[in-house]
Amino acid sequence: MGLNVVPAEDPKTVRHFTRAVLRDLKALEQMVADGLIESGVRRFGAEQEFFLVGDGWRPAPLGVEVLERLGEPFTTELARFNLELNLSPQLLEGDELRKLEAELNTLVGRARSAAAEEGAKLILTGILPTLVQSDLTLDNITPRERYYALNDALSKHRSGPAYRLRIEGTDELLIEHDSVMLEACNTSFQAHLQVSAEEFPAFYNAAQLVMAPVLAAAVNSPLLFGKRLWSETRIALFQQSLDTRSGTLHTRELSPRVRFGDQWVRNSVLDLYQEDIARFPVLLAAEVEGDPFETLERGEVPKLEALQLYNSTIYRWNRACYGITEGKPHLRIECRALPSGPSTVDEVANMAFWMGSVLGMVKAYGDVSTLLDFDDVRGNFLSASRVGLKAALTWLGDEPVSAPRLVLETLLPIAREGLIDAGVFAETADHYLGVIRKRVESGQNGAVWTMRSLAALKNQGTQTERLAAVTAATVRHQTDGIPVHEWPLADLTDAGGWRQHYLRVEQYMTTRLVTIRQDEPIDLVTFLLDRKAIRHVLVEDEDHCLVGIISYRTILRLFAQSGLGGEVEERAAGEIMESDPLTVAPDTPTLDAIRLMRERQLSCLPVVKDGKLVGIVTERDILPIAYGLLEARLLDEEA
């Protein structure tokens, strides 16, 4: 929008901008009442977000450099390793879906070439499997004023000193982070569908209803920081990464800025804007020139820049958007829940399925808000996010139905009718909906393919190598242009050379730690050393801060000095531990860690971040590196 965006800190600035938002909302209300919003036209469009990866299939913070080679319609995202492209709006008719896919492939191809010139690759994926928490420092924030302002604003509004993230799936992830950069883990394929003001409530409600089964078929983000979480982990991650609520206000209900919603739309698009303004304070502000009512009096179309900026800080999974195309104001429903990837044809198929389902449900049932309780619809969305095609969803008969059965027997025929009724060629509708059908029948969407690949690689290589293999195979299959239901599983050879997976200690450190407290008995130490077949026990306090380390050699020396009985077993671990041991950070280069171990004659290095114990690197972890280097040298000599 070209606005000079700043955090909403100064009370006078906040008041001035809030008045501008309210003025824009009143102007939109008048435009709706006067019939000025474009109707009778059905356009669609999309925004494609993607990651850049480099050596070891790790995130490559080269977005600014790649963007300089690309220009429009590409733009920056929050992190230096993300970019976005905006597709041209199309009329929903004829063969326009294929034209949009062709444009998408052309632009993605341009981006691949520009990335290659900077030594990087492009990947379409909801969450990059090889991301680690140290990638999310403010060093990797895109140097644009808007992103700094967003981080400052959210930091001011959040309730505690850190962003807390807790997601449970097969594994559990529980971390704290110090900036808005957690949001940069997400990339999506955002679909837009233009609707008139009169029909907005019915179409928006239908979009809410069908979101769960559409997402169940489309899930593509089962991993975060190597943890197996939700089938579409983006849903939980995005909400928690921007959550500023306090948990200390007794039973008061506070809404997160990232949300599905609480109720059906009853009257108009204004319901959504009014509810948001009532619930959420201004986060970002800007100086907005002009008066929308004066613009209307001149017979011109107001941009409503204040309302649009405010709306950009409220992240509904189906969001109402105002825009201007060919000089005419319009309304769109923006679907934000669909992930990036697995392939461009999968993405366009997901969009076609979503749009067709929305159109078809309204054609078949009118306003669906009378057919199902909204709480069931929201519950369906969360269930689909957690388990994808394994979800049991409540549908119009109030009885749970499996997601595959609902998609195959009910929603795909409805989506086909919706697309054809809009003017889409039957052959085109069948092509994209056929991708969804084959995907669901095979049971392999992006999330399932990822988990099946990891399961097949379970006893091969390190976790870092396995995640790199999945990432590399994703890039290869995307370049081939085949839909995910046809993808063979990833192979460890996809990961490339082993060297790239041992550059930093966080790539191979042990995180499943055996620890004790300093007041616990030495008997427990000897028990753990023996039963766990380890050579070091770490001593931490109740806040998980490292306070000491006890090695196998320490125990041997202690018993040798005092004989085999008695008083030794009565002593506490804190009495014999080595206090304040040498530690390293997760992003410490491996060569630096090896140098420290050799110079200090250490057999291990605890890994600490922000004072907390997060891992350990031992001689055993270093052995694969030494083996690999020796093997490579011998092969070079033989050659």
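Residues numbered from 1 in each chain as written. Predicted model: local features only at pLDDT ≥ 70, side-chain atom pairs only at ≥ 80, totals over all residues. Heavy atoms only, no water.

Enquirer: Any chance you could explain the packing of helix α1 (residues 11-33) against helix α7 (residues 270-279) here in plain terms?
Expert: Two numbers describe a pair of packed helices, the interaxial angle and the distance between the axes. Running from N to C, α1 and α7 point in directions that differ by 165°, and their axes come no closer than 11 Å. The orientation of α1 relative to α7 falls into the category roughly antiparallel. In this structure, α1 meets α7 at a crossing whose hand is left-handed. Each of V21, L22, L25, L28 and E29 in α1 lies in contact with α7, whose residues at this interface are L270, Y273, Q274 and I277. Here the residues of the contact of α1 with α7 sort into seven nonpolar, one polar and one charged. (Axes fitted to C-alpha atoms, helices over the stretch in contact; angles between N-to-C directions. Helix = DSSP H or I, 4+ residues; strand = E, 2+ residues; numbered from the N terminus. Parallel < 35°, antiparallel > 145°, perpendicular 65-115°, else oblique. Left-handed = near helix turned anticlockwise from the far one by under 90°. Contact = heavy atoms within 4.5 Å. Nonpolar A, V, L, I, M, F, W, Y, C, P; charged D, E, K, R; others polar.)

Enquirer: In this structure, what is going on with the packing of aromatic side chains? I would like to understand it.
Expert: The description of an aromatic ring pair uses the distance of the two centres, along with the angle that the planes make with each other. Under the counting rule described, the total for this entry stands at nine aromatic pairs. With a centroid separation of 6.1 Å and 45° between ring planes, the pair formed by W317 and F381 is classed as tilted. Of the two residues, W317 is situated in the loop between β14 (315-316) and β15 (318-325) and F381 in helix α11 (residues 374-387); the sequence distance between them amounts to 64 residues. F381 matches W317 in its accessibility class, with the two residues each being buried. By way of ring pairs, the aromatic residues F238, F260, W264, Y315, W317, F374 and F381 are connected into one cluster. (Phe/Tyr/Trp six-rings, centres within 6.5 Å; stacked < 30°, edge-to-face > 60°. Buried < 20%, exposed > 50% of the residue type's maximum accessible area, 1.4 Å probe, protein only.)

Enquirer: Would you mind going over the nonpolar core with me for this structure?
Expert: Most often, soluble globular proteins keep nonpolar side chains buried together rather than apart. M211, M351 and W354 are the most contacted members of the largest nonpolar core, which totals 177 residues. No other element matches the 15 residues that helix α5 (residues 200-218) contributes to this core. Ignoring sequence-local partners within four residues, the contact set of M211 consists of F260, N318, C335, A337, L338, W354 and F381. Within the second largest apolar cluster, 15 residues are counted, among which are I522, V547, I550 and I576. (Core = buried A, V, L, I, M, F, W, Y, C linked by side-chain atoms within 4.5 Å.)

Enquirer: What exactly am I supposed to notice about helix α13 (residues 426-442) here?
Expert: Residues three or four positions apart in an α-helix share a direction because the helix packs 3.6 residues into each turn. With 17 residues, α13 ought to run about 24 Å at 1.5 Å a step, and its terminal C-alpha atoms sit 23 Å apart, in line with that. Its axis deflected by about 25° at L433, α13 carries its strongest bend there. Turning to α13, the residues buried within the fold contact α3 (96-117), α5, α10 (344-365) and α12 (403-422). Immediately downstream of α13, the backbone of G443 shows phi near 75°, a positive value. (Expected span 1.5 Å × (residues − 1). Bend = angle between axes of the 7 residues up to and from the residue.)

Enquirer: Could you clarify how one ought to interpret the sheet that holds strand β20 (residues 536-540) in this entry?
Expert: Pairing between the strands of a sheet is mediated by backbone hydrogen bonds and can be parallel or antiparallel. Strand order in the open sheet made by the four strands is β19-β20-β21-β22, with mixed pairing throughout. Of all strands in the sheet, those with a lone pairing partner are β19 (515-516) and β22 (578-579), marking the two edges. Bridge count between β20 and strand β21 (residues 546-551): five bridges; the pairing is antiparallel. Opposite H536, over in β21, you have S551 as the bridge partner. Those strands touched by helix α16 (residues 522-531) are β19, β20 and β21, and its axis lies near 135° from that of β20. (Pairing = 2+ DSSP bridges.)

Enquirer: Is there a simple way to explain the pairing of strand β24 (residues 612-618) in this structure?
Expert: Looking along a regular strand, one sees side chains alternate from face to face of the sheet. A large share of β24 lies buried, amounting to five of its seven residues. Across six bridges, strand β23 (residues 604-609) lies against β24 in antiparallel orientation. For V607, the partnering residue across the bridge sits in β24 and is G615. Hairpin connection between β23 and β24: a loop of two residues separates the two successive antiparallel strands, and D610 in this loop has a positive phi of roughly 55°.

Enquirer: It is not clear to me how the environment of E29 should be interpreted in this structure. Could you clarify?
Expert: By secondary structure assignment, the location of E29 is in helix α1. Looking at E29, the relative accessible area reads 40%, which means it is partly exposed. Separated by 239 residues in the primary sequence, E29 and S268 have C-alpha atoms spaced 9.4 Å apart.

Enquirer: Mind showing me how you'd approach helix α15 (residues 463-480) here?
Expert: Look at α15: 26 Å from first C-alpha to last across 18 residues, which is about the 26 Å you get at 1.5 Å a residue. Judged by how many residues are buried, α15 sits mostly within the fold: 14 of 18 residues are covered. G481, located one to two residues past α15, shows a positive phi value of around 75°.

Enquirer: How should the confidence of the model for the protein be read in this particular structure?
Expert: Caution applies to low-pLDDT regions: their predicted coordinates should not be interpreted in detail. In this model, the protein carries an average pLDDT of 90, and 92% of its residues clear a pLDDT of 70 or more. Counting interchain partners and residues more than four positions distant, the pLDDT-below-50 stretch residues 248-253 has one contact. (pLDDT = per-residue confidence, 0-100.)

Enquirer: Help me understand a negative patch on the surface, please; the structure alone is not making it clear to me.
Expert: Where like charges cluster on the molecular surface, the negative patch consists of E9, D10, E145 and D152. Looking at the element boundaries, E9 is found in the loop between β1 (6-7) and α1. (Patch = residues over 30% accessible without salt bridge, like charges linked within 9 Å, V, L, I, M, F, W, Y side chains within 5 Å. Areas by Shrake-Rupley, 256 points an atom, 1.4 Å probe, with all protein chains shown as cover. Salt bridge = Lys/Arg side-chain N within 4 Å of Asp/Glu carboxyl O. Lys, Arg positive; Asp, Glu negative; His and termini not counted. Charge placed at Lys NZ, Arg CZ, Asp CG, Glu CD.)

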